[in-house]
Amino acid sequence: RIKHDDIGRGALLQNPALAPLQKRLRERFSYLLIDEAQDTDPLQLEILLRLCLADGEASPSNTSGSPWSRFSLVSGKLFLVGDPFQSIYSFRGAFPQLIDLLSQQSAFKVFDLSGNKRSGPNILNFVNTVFEPSALKYQPMQAIFKREGPDEVCWHPAVAAPSGSERRRLEAQH
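The notes below deal with the structure included here. (Residues numbered from 1 in each chain as written. Predicted model: local features only at pLDDT ≥ 70, side-chain atom pairs only at ≥ 80, totals over all residues. Heavy atoms only, no water.)

1. Brief notes about the overall build of the protein
Inclusion rule: Each helix corresponds to a stretch of at least 4 residues labelled H or I by DSSP, and each strand to a stretch of at least 2 residues labelled E; elements are numbered beginning at the N terminus. Exposed residues in this analysis have more than 50% of their type's maximum accessible area, buried residues have under 20%, and partly exposed residues fall in between, with area computed by a 1.4 Å probe over protein chains only. Contacts were defined at the residue level, with two residues in contact if any of their heavy atoms lie within 4.5 Å.
Assigned secondary structure in the protein consists of six helices and four strands. Sequence-ordered secondary structure for the protein, helices as α and strands as β, is α-α-β-α-β-α-β-α-β-α. Looking at the 174 residues of the protein, the share that counts as buried comes to 25%. In the protein, 63% of the contacts between residues at least 6 apart in sequence involve partners at least 24 apart.

2. Some remarks on the pattern of salt bridges
This is how the line gets drawn: Salt bridge, as used here, is a side-chain nitrogen of Lys or Arg placed within 4 Å of a carboxyl oxygen of Asp or Glu.
Here the structure, examined in full by the defined rule, presents four salt bridges. Lys23 serves as the salt-bridge partner of Glu27, at 2.4 Å between the closest nitrogen and oxygen. Remark: Lys23 and Glu27 occur in helix 2 (residues 19-28); sequence separation between them is four residues, near one turn of the helix. We classify Glu27 as exposed; its relative accessible area is 55%. The salt bridge partner of Arg169 is Glu166, with a shortest N-O separation of 2.5 Å. Of the two residues, Arg169 and Glu166 both sit in helix 6 (residues 164-173), three residues apart, roughly one turn of that helix. A relative accessible area of 41% places Arg169 in the partly exposed class. Looking at Glu166, the relative accessible area reads 27%, which means it is partly exposed.

Given below as structure tokens:
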């Protein structure tokens, strides 16, 4: 039985005819910044790692171990930004533990951001209490600045958008 990953791996990764394309893409991009990396699946990660291979390396340096431990990468080329606690795509194979596993490899360096400019201390204390006992490594967050006024969640009711004819009428006035 063929699965989605089998198609991608065969078509994109193990097809020797695509080696020149992979090489051109590696040369074209000096840096890769992947936001929301916690929603990356193993196949997507392998594609990204192949775009960061060291010069002269056309494929993983060895064939054992996890995809991220098999590659000799250009230092500083791949930047991942993500928070495993915000992963929402596990139903399609996202791998939120990715950042933690990559941090165990010598080629990767992790920077934890524990400062929060959006929420006040009361909200962050609640969030820290909920997430600290989890199985994943959690860095408690701290408010960067002291907020003026109450520390509460603000809610603004949604307003219905005007109909198409009303929008055209309003646009005509301007």
